[in-house]
Amino acid sequence: MATHVLIVGAGPTGLVLAIALARRGIVVRIIDKNSAPGLASRAMAVHARTLEFYRQLGFADAVINQGIKIDAIHLREHGADIAELPFKDIGAGLSPYPFVLSYPQDDHERLLTAQLKAEGVEVEWNTELESFTQDDWGVRAVLDTDGERHTSSSVYLCGCDGSRSRVRESLKLEFTGGTYQHLYYVADVETAGPPNRDLVGHLGANTFALMLPVRSRGMQRLIGILPANAPEHPTFETMRPILEPLLGIRVEQVNWFSTYRVHHRVASRFRVDRCFLAGDAAHIHSPAGGQGMNTGIGDAINLAWKIAHSLQGRADQALLDTYEAERIVFARKLVITTDRAFQLIVSQGTGGQLLRSWLLPHVFPVLSGFALARRTLFKTLSQVMIHYPDSPLSGGRAGEVIGGDRLPWVPDNFTPLQTLDWQLHVYGKTDPLLAAAAHALCLPLHAFAWSEAAGQAGLLEDAAYLVRPDMHVALALPRQETDVLQELAARLQLRFSCNS
Ligand SMILES: Cc1cc2nc3c(=O)[nH]c(=O)nc-3n(C[C@H](O)[C@H](O)[C@H](O)COP(=O)(O)OP(=O)(O)OC[C@H]3O[C@@H](n4cnc5c(N)ncnc54)[C@H](O)[C@@H]3O)c2cc1C
């Protein structure tokens, strides 16, 4: 069968894109120059919005069962707890997944690879993209598998090939930003004594370290900054004399130690004709808040249904332009906010100063004492606040919901979203005119009884919401306006599906 989409890179972004496309009947090829899924645990935090997407795709529970829900953040000094921020159910009422999940990226990639296989698609390992050309008819790529060259033709090409993306370089796109001067270390270690299950931040006189659990291996992940006078080729032994007293632990075995520099950059374009960039290929930033991998997965979800619609003749080609318009805005914002958070932590130079002068007296009491502050923190970290108000797909306001917002969660309006397709939601009474318009457009309509929870979530009684295949509201229709709905469908030549 002819390939519709060639995906370069089988990291989390490429794998989720492949799953979301395959689910929609699109013929994908996914290649990776490595021989198997990554072995480094890298990204640990899986946020609520990612789990909501996984629920839609049917494997959120499998991910949750393999991870650890972080119940609390502890701040420690000299091996003793000095402050605790409860994190359990921090987003209660906001998401079916009101927590942060700790789940190592290598386990995560293996699970995604298995999910993709269940869709009938195998990753083509040991296969590297060398070059490609594109014209009005498609994309022609030169691949190298174990030293043997061959070509691949496809309608679209997606560069999910990480921060050193060859797709981005070949498209001659700028990747502007900078590189932080600090050198980070990351280690997976086994420690003596009972295993820690929370996120623990250790702030010392001239350093800081984070420790969080890796469930599948009963290990602890340690992350921090190397001292300025560290040797050129540091090992865990460089850090042991600093880390053990700081963390109050004894490390019995080191399973992985690596160092890396952190960059903050965004590509100038996310699309050039038939080629798209997603994930680290499009944007990289400081790991503050564990946003990188989750953002790449969000890119993949945003892009998959648009490519599928385009290939299936279900929308005007202009729909594809909304991918860059929606995602580049968020990527730029994210680089700025993670940069601020990162600078705050490292530029203080003395972690103790940050701890004593700011975090302890100001931030922790507010976060511990006020549910509202914790909810705001959850909304920001979990990515449930990502919205596309300026998108050509977005319009209207009903209650607190503006076109482009994530559909607020109310138990349980997310169940019908598993069709991965457009739908209309009404909370309260359905106007027969709207029902008739939906029927004529072949648009499934789900009516939910009005509830207090719906009001608390910001929905408006008797309003209608046109929900996109990626669970964002396109149109918020306070009076169930059929003309607005019909106008959007006509403008983008949207073809809905009665079968979903
Ligand atoms: C130490 C560390 C900790 C991190 N912690 C977090 C965290 O807690 N939370 C978070 O959200 N993010 C975190 N991140 C960031 C996260 O790891 C990345 O954002 C994520 O891996 C990006 O996924 P991706 O699929 O876009 O790219 P990648 O994971 O980089 O995957 C790209 C893939 O493309 C393949 N490839 C590259 N070039 C080619 C080619 N020419 N041909 C074929 N294949 C190719 C590569 O082999 C690779 O498998 C962390 C990163 C690091 C380094």
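Worth saying up front: this structure is predicted, and the values here are computed from it rather than measured.

1. Brief notes about the site of the ligand
- In the vicinity of the ligand there are 28 residues, among which Thr13, Asp32, Gln105, Asp280 and Met293 approach most closely.
- Within the side chain of threonine 13, one N or O atom sits 2.8 Å away from an oxygen atom of the ligand.
- In this structure, an oxygen atom belonging to the ligand sits 2.9 Å away from a side-chain N or O atom of arginine 42.
- Relative to its unbound accessible area of 1000 Å², the ligand is 87% covered by the protein chains.
- Within the residue set of the shell around the ligand, elements represented by two or more residues are helix 1 (12–22), strand 8 (127–135) and helix 7 (292–311).
- A class-by-class count of the residues in the shell around the ligand yields ten nonpolar, twelve polar and six charged.

2. Considering empty space enclosed by the protein
- Here the structure, examined in full by the defined rule, presents two cavities of 30 Å³ or more.
- Of the voids in this model, the largest cavity is the one considered here, and its volume is about 50 Å³.
- Arg49, Phe53, Gly298, Arg327, Gln383, Ile386, Tyr388 and His472 together form the lining of the largest cavity.
- Grouping the constituent residues of the lining of the largest cavity by class yields three nonpolar, three polar and two charged.
- What the second largest cavity holds in volume is close to 40 Å³.
- Class assignment for the residues of the lining of the second largest cavity results in five nonpolar, one polar and two charged.

3. Here's the deal with the sheet that holds strand 7 (residues 101–102)
- Within the open sheet, the three strands sit side by side as 3-7-4. Their pairing is antiparallel. The sheet terminates laterally at strand 3 (45–46) and strand 4 (68–69), the two strands that pair on one side only.
- In this structure, strand 4 lies alongside strand 7, joined through two bridges in antiparallel fashion. Paired with isoleucine 68 across the bridge in strand 7 is serine 102.

4. Structural notes on the environment of alanine 490
- Secondary-structure assignment places alanine 490 in helix 13 (residues 482–491).
- Residue classification places alanine 490 among the exposed residues on the basis of a relative accessible area of 54%.
- Distance from alanine 490 to proline 408, taken between C-alpha atoms, is 26 Å for residues 82 residues apart in sequence.

5. Brief notes about the packing of aromatic side chains
- Overall, the coordinates contain twelve aromatic pairs when judged by the stated rule.
- Their ring planes at 80° and their centres at 6.4 Å tell us that tyrosine 97 and phenylalanine 99 sit as a pair that is edge-to-face.
- Here tyrosine 97 falls in the buried class, since its relative accessible area comes to 7%.
- Taking the relative accessible area as the measure of exposure, phenylalanine 99 reaches 7% and is therefore buried.
- Taking 5.9 Å as the distance between ring centres and 65° as the angle between the ring planes, the aromatic pair formed by tyrosine 427 and tyrosine 465 counts as edge-to-face.

6. Some points on the layout of surface pockets
- Volume-wise, the second largest pocket comes out at about 580 Å³.
- If you trace the second largest pocket, you find 23 residues lining it, with Leu94, Lys379, Arg406, Pro408 and Ala457 closest to the centre.
- Broken down by secondary-structure element, the contributors of at least two residues to the lining of the second largest pocket are helix 10 (371–382) and helix 12 (452–456).
- Broken down by element, the residue count for the lining of the second largest pocket peaks at four residues, all from helix 10.
- Taken together, the residues that form the lining of the second largest pocket break down as 13 nonpolar, five polar and five charged.

7. Topic: helix 7
- Relative to the 28 Å expected for 20 residues at 1.5 Å per residue, helix 7 spans 29 Å between its end C-alpha atoms, a close match to the ideal helical length.
- Within helix 7, 18 of the 20 residues are buried, which leaves it mostly tucked inside the rest of the structure.
- Backbone geometry just downstream of helix 7 places glycine 313 in the positive-phi region, at approximately 65°.

8. Structural notes on the sheet that holds strand 6 (residues 80–86)
- Ordered by their spatial adjacency, eight strands build an open sheet running 6-5-12-13-14-11-15-18, and the pairing between neighbours is mixed. Edge positions in the sheet fall to strand 6 and strand 18 (283–284), since each of these pairs with one other strand and no more.
- Looking at chain direction, strand 12 (residues 199–203) and strand 13 (residues 208–214) are connected through four bridges and run antiparallel. Paired with valine 200 across the strands is methionine 211, a residue of strand 13.

Criteria and cut-off values
Residues numbered from 1 in each chain as written. Predicted model: local features only at pLDDT ≥ 70, side-chain atom pairs only at ≥ 80, totals over all residues. Heavy atoms only, no water. Near = heavy atom within 4 Å. Polar contact = N/O pair within 3.5 Å; in protein donor to acceptor, adjacent residues only side chain to side chain. Areas by Shrake-Rupley, 256 points an atom, 1.4 Å probe, with all protein chains shown as cover. Helix = DSSP H or I, 4+ residues; strand = E, 2+ residues; numbered from the N terminus. Nonpolar A, V, L, I, M, F, W, Y, C, P; charged D, E, K, R; others polar. 1 Å grid on protein atoms, 1.4 Å probe; cavity = no way out; pocket = protein on both sides within 12 Å on 5 of 7 lines; lining within 4 Å. Points joined across faces, edges and corners; volume = space filled by probe spheres on them. Pairing = 2+ DSSP bridges. Buried < 20%, exposed > 50% of the residue type's maximum accessible area, 1.4 Å probe, protein only. Phe/Tyr/Trp six-rings, centres within 6.5 Å; stacked < 30°, edge-to-face > 60°. Expected span 1.5 Å × (residues − 1).

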